[in-house]
Amino acid sequence: MGQNAKQLRGELRELVNEHVPHDFLGAFTDNPADLEVAQRFCRLLADRGLLCMAWPEEFGGRGASVWQQTVVREEMWAHHEPRGAQYMGVNWVGPIIMRHGTPEQQRKHLPPIARGEVIWCQGFSEPEAGSDLASLRTAARRDGDGWRVSGQKIWTSYATMAQWCFLLARTSKVGEGATQKKQQGLTIFLVPMDDPAIQVRPIRAMLGPHHLNEVFFDDLLVTEADVLGPVDGGWSIVQDVMSFERVGIARYARCERLLHAAPTALGDAWDGLPAELRGRWARMLTHCRRARLLAYRVVSLQSSGRIQPGDAAAYRIAVTKLDQDSAEVLMEIIAAIPRDDAAARYFRAEVEDHWRYSQASTVASGSIEVQRMLLSRAMLAAS
Amino acid sequence: MILDLGDEAKEFGREALRAFDAAGGDELLQQAEAKPDTREALVGPVLAGLGAWELDVRADPDSLEAAAALCRSAGYWALPYPVAERLARPTDLDVDGLIVVADGAPEGTVVGLDNRWAAVTLDGSRSSVMRLSTTGPAFTAALELSAVDSNGAADVALALVLPCWVLLGMLDRAIELTVAHVRLRKQFGQPLSTFQGVQFQLTDAEVERSGLDILAKHALWSSGTADGLDDALALRLSAIEAAEVVFRVCHQLHGAVGFCDETTLSWLSRYSQPLRRLPLGLSATRDYLTSRLGGRALTGLFS
C-alpha cells in the first residue's frame, strides 16, 4: 500500500488510542455516551481532513487514493467503528449524491456528511422484500408538486439516531406506462427523519441496540427536491449503492486484530489450549489474509472500472464466512480465560460482541445466497 | 498495489498452455502413466523449448513470476513432470531439482526420471537423493537420501510455493471442466447448471480457487523474504483445503462419469494427490505452521 498508507495507519491508531475509550465496543450500545464518543470522533476526523479523505476536493475531500481509504476502513472497523453510523454517509451516501444528486442536493447534504455531523439510514428492506428487494411495497404517489409516501421498512439500522433516510419507494406499478419489470418504477427519496409522519420502532436483537428497527411512513409528504435521480429510475442507483457496499466494511480487519490479540490476552493459558484449537486459530489467520487480499483485488478492479459482479461476490462470500468462522474459534479460545481475569475482560467483551454481530454477516447487505447467485451466474456466463 | 503477475509472465503462461496442448495435452499424462520412463522424452523438449531451464528463478523477479505461470499451466494439463521441483533447484548445489520432504518418510514424484535430485526438510536439512525404493501411484517413490548439509532453510519456501501453483492450475482446469459439464448435462429435462443446488456448489469451489489464486501470488513474492516460510506454509494449508473442496465438488457434479478414465477430471483428481499429501498433508501442515507460529500471528495488519 506504500508509505503514505503506513503513516495514515499510524495516525489513525494514535487517534483511536487517544480519543476512544479503551473499553469501547462501538456506538450502538444502551449507553448514550458511546454515541457521543462516535460523534466527537467523527468531528475530530473531519477537522483533520480524514473523514472524507477519498472524496474529491470539490466536495470537501482530499482526493486521497483508494488505498488510503482502504486503510481508513480497515482501521475503523478493526477498532469497533468509532465513526459510528456515519461510515455509511462517508462510504456510499455521499458518493451516491455526488454521482446522482442535483447541485442543490449536493450543497445541502454533502457538507454535513463531510463535517461528521449527520447520520443516515437506508430505507430498503421491507417485511415482504428482503433479498428480493424489487418486490418492495412502500409507495409514493403524486400529490401536487410533491409526493405522499406510505409503507413500512424493516431491519433499518440506526433509524433511531438518523437525521436522514435514503429511501427506496415504488412510484409506478408494474404494468403501468413503461414499467414492465418490477425493477422499474422505483424511486429514491432523501427523507428527513424528524417528520412526525415517520415512526421508528426499535427491534431488540442479539446484534445489540440500534442495529434493527422498523420504520413506518404514514402519508409522509416529500417534495420534488427530495427525489434523487430520475423518477422510476431508482434501481440503477440501488445497483450503485450495492457496488459501494461490496467493499464497504473491512470485516477481515477486526477478525485479524482479535485473532492477533488472542495469544497475548490468554498469556500463559495460550500454550494450554488444545493443539487442535490453536490449529484452527492458525487456519483463521490464513483465511484473514485470503479475505484481505481478495478485498484488495476488488478495490483495485473497482478503481480501474474492470470489476465484474463475480469478483466482488467471491470476496463477499469469503469475508462473511470468515467473520462467522473466526468468531466461533475466538469464542472457544476465550472460554479458557477465567471470568475473574480483569486484564482480559475487554478482550472477552470484544470477542462476544464480534460473535453476536458476525451472525448477521451472511444476511446483511445482500445475503450470501444472493452473492452465490451472482457468482454462479458469472461462472456459467464466462464459459 | 501489485496484485497480479506481470503481463509477460501471464503471456508466458499462455504460451506454455498452447505448447503443452500441441505436445499432446491430456494424452501426455496417459502415455506417461503407461510408460513412466518416457516422461523426460515426452515433456522435457517442450519445457526446454519454452526456455524453462533458463529462468533464473531464485534471483530474478521476472523469472520467478514466469516460473509460477509455467507451473500453473503445467497443472492445467496435469503435466507428467515435476516442473516445480526442477524450477526450485538450489543455486549452490549441482543438482537438477529440489524436493521438499518430510522427516522420516521422504517421497517424491520422480519415478522414471534420471535427474540428480536434492531433498530438503522443512527445517533446512539437505540431502542427495541416492536412489528410489518403493514406488507408488502418480509417479511417487520413497527416496533414499544421503545427508549433505543443513544450509537449506532459504531454499524451502519457494520449493513449497511452486507446487502450489501446479495445484492451482489443476483446480483451474477441474472447475472449467465442471462448468462445461453442468451446462451440457441434462437431468429432469434441463441442464444441471439451472439447479440452484448445483450453482451453489460451484461457488464453494470458486471461492476456494479464487482465494488460492491471490494467496499464491502473495506467497510467491514473499518467498525470498524473512516471512517466506510462514507464508509458504499458509499458502500450502489453503491450497490443500481448496483442493479438497474443489475436487469434492467437481466429482459430485460430474457424477459417475467423473470417475471414468475417459474423463479428464479422473486423471486430474488422482494426480493431484501427491501435491496434496507431500511433503505433509492438511493436518500435518497445519500442525507445523501452528507450532512455528507459537503465539505469533502471520505478518499482517497488526504485526
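Reading the values: rules and limits
Residues numbered from 1 in each chain as written. Chains lettered and ligands numbered in written order. Predicted model: local features only at pLDDT ≥ 70, side-chain atom pairs only at ≥ 80, totals over all residues. Helix = DSSP H or I, 4+ residues; strand = E, 2+ residues; numbered from the N terminus. Buried ≥ 20, exposed ≤ 12 C-beta atoms within 10 Å, placed from the backbone. Contact = placed C-beta atoms within 7 Å. Domains from an automatic or database assignment. Nonpolar A, V, L, I, M, F, W, Y, C, P; charged D, E, K, R; others polar. Pairing = 2+ DSSP bridges. Axes fitted to C-alpha atoms, helices over the stretch in contact; angles between N-to-C directions. Core = buried A, V, L, I, M, F, W, Y, C linked by C-beta atoms within 7 Å.

**Q** Hey, could you go over the overall build of chain A for me, with residue numbers and the actual values?
**A** Broken down by element type, chain A carries 11 helices and eight strands. Residues counted as buried form 46% of the 383 residues belonging to chain A. Taking all contacts inside chain A whose residues are at least 6 apart in sequence as the whole, residues at least 24 apart take part in 73%.

**Q** Go over the interface of chain A and chain B with me, naming the residues and quoting the values.
**A** Counting residues at the interface gives 34 residues for chain A, matched by 31 residues for chain B. Mapped onto the side of chain A that touches chain B, the elements with two or more residues apiece are helix H3 (66-78), helix H7 (251-266), helix H8 (275-303), helix H9 (309-334) and helix H11 (368-382) of chain A. If you tally residues by element for the side of chain A that touches chain B, the top one is H8 of chain A, at 15 residues.

**Q** Describe the domain arrangement of chain A, naming the residues involved and giving the relevant values.
**A** Residue and element names in this part refer to chain A. Each assigned domain of chain A is listed here: domain 1 (3-118), domain 2 (122-233) and domain 3 (246-382). On a C-alpha basis, the centroid separation for the pair domain 2 and domain 3 is 32 Å. Counting from both sides, the interface comprises four residues of domain 2 and, opposite them, seven residues of domain 3. Classifying every residue of the side of domain 2 that touches domain 3 gives two nonpolar, two polar and no charged.

**Q** Break down the sheet that holds strand E4 (residues 126-135) of chain B for me, citing the residues and quoting the values.
**A** Residues and elements named next belong to chain B. Strand order in the open sheet made by the five strands is E1-E3-E4-E5-E2, with mixed pairing throughout. Both edges of this open sheet fall to strand E1 (97-101) and strand E2 (107-108), since each of them pairs with a single strand only. One ladder, built from three bridges, connects strand E3 (residues 117-121) with E4; its direction is antiparallel. Its bridge partner lying in E4, Ala119 is registered against Ser127. The sheet strands contacting helix H6 (residues 153-184) are E1 and E3, and the helix crosses E1 at an angle near 90 degrees.

**Q** So what's going on with the nonpolar core? Which residues, and what values?
**A** Ala162, Phe189 and Ala295 of chain A together with Val161 and Leu162 of chain B are the most contacted members of the largest nonpolar core, which totals 203 residues. With 18 residues, the single largest contributor to this core is H6 of chain B. Residues in contact with Phe189 of chain A, not counting those within four places in the same chain, are Ala140, Val149, Leu167, Ala169, Val222, Asp226, Val227 and Leu228 of chain A.

**Q** Quick one: what's the story with the pairing of E4 of chain B, residue by residue and with numbers?
**A** In this structure, the hairpin formed by E3 of chain B and E4 of chain B is closed by a connection of four residues, where Gly124 of chain B is found at a positive phi of approximately 95 degrees. Adjacent in sequence and paired antiparallel, E4 of chain B and strand E5 (residues 141-149) of chain B are bridged by five residues, among which Ala138 of chain B carries a positive phi angle near 55 degrees.

**Q** A description of the environment of Trp235 of chain A should follow, citing residues and the corresponding values.
**A** Residue and element names in this part refer to chain A. You can see Trp235 is positioned in helix H6 (residues 234-245). Spatially, the C-alpha atom of Trp235 lies 15 Å from that of Trp92, the residues being 143 residues apart in sequence. In contact with Trp235, not counting residues within four places along its chain, are Ala134, Gln183, Gln184 and Leu186.

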